[in-house]
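# Descriptive analysis of the structure
Residue-level listing of the chains:
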Amino acid sequence: MFGGKHINVTAVRRKNQEITFLEVPRSDKSWVVKLRKIPLLRGLVSIIDSSAKGSKHLNYSAESYAEDETEPEDLAEQEKKAKKKEEGWSLGMIFGVAVMGILSFLFGKLIFTLVPVFVETFLFKDAFDNYILHNLVEGGIKLILLLVYLWAISLTPVVKRLFQYHGAEHKVISAFEAGEELTVANVQKYSRLHYRCGSSFMMLTIILGVIIYSVFPWDNLVERVVQRIVLLPVVIGISFEVLKGTNAVRDIPGLKYLGYPGLWLQLLTTKEPKDEMVEVSIASFNRMRELDAAIEAGAYTEANVSGGILDPAKG
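Residues numbered from 1 in each chain as written. Predicted model: local features only at pLDDT ≥ 70, side-chain atom pairs only at ≥ 80, totals over all residues. Heavy atoms only, no water.

What follows concerns the overall build of the chain. What the chain contains, in helices and strands, is 11 helices and 4 strands. For the chain, buried positions account for 40% of its 315 residues. When contacts within the chain are restricted to residue pairs at least 6 apart in sequence, long-range pairs at least 24 apart make up 73% of them. (Helix = DSSP H or I, 4+ residues; strand = E, 2+ residues; numbered from the N terminus. Buried < 20%, exposed > 50% of the residue type's maximum accessible area, 1.4 Å probe, protein only. Contact = heavy atoms within 4.5 Å.)

Burial of strand E3 (residues 19-25) is extensive: 7 of the 7 residues sit out of reach of the surface. Both faces of E3 are covered, namely the face carrying Ile19, Phe21, Glu23 and Pro25 and the face carrying Thr20, Leu22 and Val24. Pairing of strand E2 (residues 7-13) with E3 involves 7 bridges; the strand directions are antiparallel. The partner of arginine 13 across the bridge, within E3, is isoleucine 19. Following E2, the chain reverses through 5 residues before pairing antiparallel with E3; glutamine 17 in that reversal takes a positive phi of roughly 75 degrees. (Pairing = 2+ DSSP bridges.)

For the pair helix H8 (residues 198-213) and helix H10 (residues 260-269), the least separation of the axes is 8 Å and the interaxial angle reads 125 degrees. The orientation of H8 relative to H10 falls into the category oblique. Considering how the two elements wind past one another, H8 and H10 form a crossing that is right-handed. Residues Ser199, Ser200, Met202, Met203 and Ile207 of H8 pack against Pro261, Gly262, Leu263, Leu265, Gln266 and Thr269 of H10. In the contact of H8 with H10, the residues fall into 6 nonpolar, 5 polar and no charged. (Axes fitted to C-alpha atoms, helices over the stretch in contact; angles between N-to-C directions. Parallel < 35°, antiparallel > 145°, perpendicular 65-115°, else oblique. Left-handed = near helix turned anticlockwise from the far one by under 90°. Nonpolar A, V, L, I, M, F, W, Y, C, P; charged D, E, K, R; others polar.)

Attention now goes to the nonpolar core. The biggest cluster of nonpolar side chains holds 19 residues, and the ones touching the most others in it are Val172, Leu182, Val187 and Phe285. Of all elements in the fold, only E2, E3, helix H6 (157-177) and helix H11 (275-296) reach the threshold of two or more residues within this core. It is H11 that provides the largest number of residues to this core, a total of 7 residues. In this structure, valine 172 is in contact with Phe2, Leu182, Val187, Ser281, Ile282 and Phe285, ignoring residues within four places of it in sequence. (Core = buried A, V, L, I, M, F, W, Y, C linked by side-chain atoms within 4.5 Å.)

Shown next as structure tokens:
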């Protein structure tokens, strides 16, 4: 998936080798646009928004795969039933997927924040009195849990393939930023790691979380848990701003190393893609740029997307 100025596009290679696209206009509400301009707050808004939209695009990919694996006669019957309730089901699915994406992110982030607290308390409650040392150990436990989790899921075929496409996206962006012609051979020359990545954001929330939590002392487990919940939006907001900052200074000698922890984590969250995966990523990126240009020229509007959101346009 690639997000442009006006539209988000996901490309999927179907079983017949045809590439289809999901085109989702970025029609944010005016109040969302305003929140995106407020430092610290814009990080939380962007992450939640990305979770909702990302779930929608993953759902499209999953549906495409399921459709390809369905027998033709069964598929025809499913399409016949779907047409009867097309509009109602589409709106319901859009809302449901978006809400589930947001809730999944918030619940996952909350669990990932609190579990290390309980583990650290259980293992090291009486080991030392300095709460800052407890925070450091908590951060270490959180990092270990994250690395083990990412390593474990990367062993599954589905997630490994997802991480390969993740790497392909990074390569395409890097090739474009370098002014290269977007061919498979050119794109494959570039690294699968990139400064602007959600993986880097995850690493920053761990590092900055230790620092931020250490500013506020706590005396017992209840205070510690409440503090983590209350400060979670602050950690997310500051991590987002630091991520933007590390990306801005990545070409400055010495300062580029600030983004290295996030790049190291991407060694787990990205894999080297195959040529056919790079081809799909190039198609998605080119389609996004084409539609962005058309929208700015007034030749393309949201009405051009069948159903406004969910129907794919074949390439």
